[in-house]
Each structure stands twice: as structure tokens, then as C-alpha cells.
Amino acid sequence: MAKPFSLDIYFGTEGKGAFVQYRGQQGIISLRLKTRSNHGSLAAPKVTYVWDEVIGGKATGSYGLTQEAGKLSGIWYKRSKDGKQFQLEQIIAPGDEARIDKYLLHDVLISFRHTSDNLLVFSYSDGSTKTSQLPGFDHPDPRRLGTIADYNFDGFDDVAFSIPDEGMGVYRTFSIYLYNPKSKRFQLLAEPNAPQGKCSGLCDVTLDKKNKLLMSSCRGGATWWTDVYRYSNSSKLMWVKSSKQQ
């Protein structure tokens with residue numbers, strides 16, 4: 001009879017930053033995204049992910065699962081050496097909502113919480129760590145989101161954290177940490193110094209990858225505004241224009 005085992009699968013936006021950690025083990029195993037497929041309806045979208053388990057640069061197995069409305073199903077692990085497949089079941093325990101979430105990005109372990117704890121920790125492969133404090137909540141729905149994307153269009157994914165705005169919570173304010181491939185470190189992106197901008201800080205951030213523009217959108221009174229920024233050669237955000245949303 002096979003011995004029972006339990007594990008945690010961590011992953012971020014579009015299946016990026018994924019790794020697995022077996023309960024009772026200190027080490028982690030990197031997961032490389034193999035496929036991502038969208039199915040279901042617009043009202044009830046489903047996404048199925050398959051990752052390769054990578055140990056010593058070699059794929060030693062694969063994991064798969066389907067995510068729908070934050071819940072996981074159809075979870076499995078397949079061992080490469082003998083092709084044996086194990087069906088796994090998600091167990092949600094009390095307090096899981098407040099547990100530490102983690103991403104593994106560029107061999108950097110990023111740890112944070114979705115709830116009111118504001119601590120952010122970057123653990124680097126050389127054994128050093130960098131701790132920061134994320135902005136605190138001033139809203140009855142303390143829900144922090146993590147997003148992995150290439151925010152400065154340099155070909156390397158970065159990480160951002162967002163919380164509801166301090167007013168009505170109709171948009172989210174962002175803290176973006178850019179990855180520097182030379183130093184192999186993450187650095188907080190300075191908020192733009194743009195008196196012409198209509199939004200305070202970075203809000204509901206979206207990206208125009210084709211034109212390498214970053215958009216920040218917020219509401220002031222009854223009007224929604226969008227500030228458009230471009231990066232300077234020194235990787236600072238430079239204001240391009242502001243416009244009312246129709």
C-alpha cells in the first residue's frame with residue numbers, strides 16, 4: 001500500500017511562479033508551466049494548468065489541476081520514472097485564508113499574505129533575505145492580490161501587490177516590484193512624480209505591451225481617469241497624458 005503524503009502547490013498569475021513543497025520537507029521543487037487551457041463559460045471560467053516538475057534541470061514528473069472560482073479540482077501528480085499517476089484532493093483547513101502565500105520567481109522565493117499582515121519577504125538563492133512592509137488596509141475588505149507580469153517590458157516578469165483604495169474600494173492601489181536581471185534582486189518601483197496625473201499613485205494598473213505603456217486608472221468624484229506613463233531610460237515612469245474614461 002502506498003504511503004499517504006500531502007503537499008502544497010503554489011502558483012501565481014497564469015500559472016507563473018509555481019513550485020511544490022511536500023509537508024514535512026524543508027526543500028521546494030520548481031514547477032515549469034507546460035500548458036494552460038481556458039474552458040467553461042465567461043460567467044464561470046475554468047483554467048487547467050499542467051506543470052513539469054524540475055529537479056536538477058530535468059523534468060522528473062508533472063502536476064496538473066483545474067481552477068474555478070478560486071477552488072481546485074482534478075489535481076494529479078504523474079511520476080516520470082514509472083509513469084504512475086496519483087490523484088490528489090484539495091483539503092481546506094480553518095485559517096487557510098490567512099496563511100502565507102508564496103511565489104518562486106527567478107529562483108527568488110516571495111512570501112506574503114492576502115489578509116491584514118503587511119510583511120513581504122524576498123528570499124534569494126544566495127541565502128540573503130529582504131523584508132518590506134506592504135501598504136496597510138483602510139477598507140472593510142482586507143484582500144491583497146498578487147500579480148506576476150512584465151511591468152517594465154524588459155522580458156523579465158515582475159511582481160505586484162494590490163489592495164482596495166482607501167475610499168469606496170472601487171479600484172485597487174498597486175505596489176510594483178521590478179526584477180533586475182543584473183543584480184538578480186527585486187526593487188520597488190517608485191511612484192511617478194507627475195503633478196499632471198489625475199490618480200494618486202498607481203491604480204488599477206494595466207499594460208499596453210505593444211506600445212510599452214503603463215496605465216493607471218482611478219475615480220475622482222463621479223469621473224474615472226486614466227493616466228498613461230512610459231518608462232525613461234533610467235526606468236522611471238514618465239507621464240504621457242491623462243484622459244477621462246468614456
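Residues numbered from 1 in each chain as written. Predicted model: local features only at pLDDT ≥ 70, side-chain atom pairs only at ≥ 80, totals over all residues. Heavy atoms only, no water.

With that out of the way, let us pick up the overall build of the chain. Within the chain, the secondary structure is distributed over zero helices and 19 strands. For the chain, the C-alpha radius of gyration of 20 Å lies close to 18 Å, the compact-globule estimate for 246 residues. With respect to the principal axes defined by its C-alpha atoms, the chain has extents near 65 × 40 × 35 Å. Long-range pairs, those at least 24 residues apart, make up 35% of the contacts in the chain with a sequence separation of at least 6. Just so you have it, the chain exposes about 14,500 Å², and 50% of that area is on carbon and sulfur atoms. The averaged location of the 25 negative side-chain charges in the chain is 5 Å from the averaged location of its 32 positive side-chain charges. (Helix = DSSP H or I, 4+ residues; strand = E, 2+ residues; numbered from the N terminus. Rg over C-alpha atoms; globule rule 2.2 N^0.38 Å. Contact = heavy atoms within 4.5 Å. Areas by Shrake-Rupley, 256 points an atom, 1.4 Å probe, with all protein chains shown as cover. Lys, Arg positive; Asp, Glu negative; His and termini not counted. Charge placed at Lys NZ, Arg CZ, Asp CG, Glu CD.)

All right, on to the state of the cysteines then. Note: disulfide means a covalent bond formed between the sulfur atoms of two cysteine side chains. By the definition in use, this model includes one disulfide. With a sulfur-sulfur separation of 2.2 Å, Cys199 is cross-linked through a disulfide to Cys218. Between Cys199 and Cys218, the S-S torsion sits near -95 degrees, and that sign places the bridge as left-handed. One end of the pair, Cys199, is in the loop between strand E15 (185-188) and strand E16 (206-208); the other, Cys218, is in strand E17 (residues 213-220), with 19 residues separating them in the sequence. Its relative accessible area of 9% is what places Cys199 among the buried residues. Exposure remark for Cys218: the relative accessible area of 4% places this residue in the buried category. No disulfide involves Cys203; its nearest neighbouring cysteine sulfur is the one of Cys199, lying 4.8 Å away. On the accessibility criterion, Cys203 (1% relative accessible area) is buried. (Disulfide = S-S within 2.5 Å. Buried < 20%, exposed > 50% of the residue type's maximum accessible area, 1.4 Å probe, protein only.)

One pass over the structure, following the stated rule, counts 16 aromatic pairs. With 6.1 Å between their ring centres and 15 degrees between their planes, Tyr77 and Phe86 make a pair best called stacked. Taken as a pair, Tyr77 and Phe86 share a single burial class, namely buried. Every member of this aromatic cluster is reached through a ring pair, and the members are Tyr103, Phe112, Phe122, Tyr124, Phe156, Phe161, Tyr177, Tyr179 and Phe186. A cation over a ring is seen here: Lys198 above Trp225, with NZ or CZ 4.7 Å from the ring centre. (Phe/Tyr/Trp six-rings, centres within 6.5 Å; stacked < 30°, edge-to-face > 60°. Lys NZ or Arg CZ within 6 Å of the ring centre and 35° of its normal.)

What follows concerns unusual backbone geometry. Residues other than glycine seldom take positive phi values, yet His106 does so here, at roughly 55 degrees. With respect to the helices, strands and loops of the structure, His106 is situated in the loop between strand E8 (100-105) and strand E9 (108-113). A positive phi is found at Asp204, a non-glycine position, where the angle reads about 40 degrees. Tracing the backbone through its elements, the reader meets Asp204 in the loop between E15 and E16. Given the relative accessible area of 25%, Asp204 is considered partly exposed.

With that settled, the discussion passes to the sheet that holds strand E7 (residues 85-88). Sheet strands pair via backbone hydrogen bonds, and the direction of the pair is either parallel or antiparallel. Pairing within the open sheet is antiparallel, and its seven strands lie in the order E1-E2-E3-E4-E5-E6-E7. If you trace the sheet from one side to the other, it starts and ends with strand E1 (7-10) and E7, each paired once. Pairs of neighbouring strands in the sheet enclose a mean axial angle of 25 degrees, with direction left out of account. (Pairing = 2+ DSSP bridges. Axes fitted to C-alpha atoms, helices over the stretch in contact; angles between N-to-C directions.)

The subject of this paragraph is the sheet that holds strand E13 (residues 158-164). Sheet architecture is open: four strands sit in the order E12-E13-E14-E15, paired in antiparallel fashion. The sheet terminates laterally at strand E12 (145-149) and E15, the two strands that pair on one side only. Along the sheet, successive strands turn relative to each other by an average axial angle of 25 degrees, direction set aside. Relative to E15, strand E14 (residues 172-180) runs antiparallel, the two sharing four bridges.

For Asp158, the location among the structural elements is in strand E13. For the buried Asp158, no salt bridge exists, and the shortest N-O distance to an oppositely charged side chain is 9.3 Å, to Lys16. A polar side-chain atom of Asp158 sits 2.7 Å from the main-chain amide nitrogen of Tyr179. (Salt bridge = Lys/Arg side-chain N within 4 Å of Asp/Glu carboxyl O. Polar contact = N/O pair within 3.5 Å; in protein donor to acceptor, adjacent residues only side chain to side chain.)

Another point: the pattern of salt bridges. Taken as a whole and assessed by the stated rule, the structure comprises nine salt bridges. In this structure, the salt-bridge partner of Lys16 is Glu14, at a minimum N-O distance of 4.0 Å. The class for Glu14 is partly exposed, based on a relative accessible area of 39%. Each of the salt bridges in this network shares a partner with another, and the network as a whole consists of Asp8, Arg23 and Arg99.

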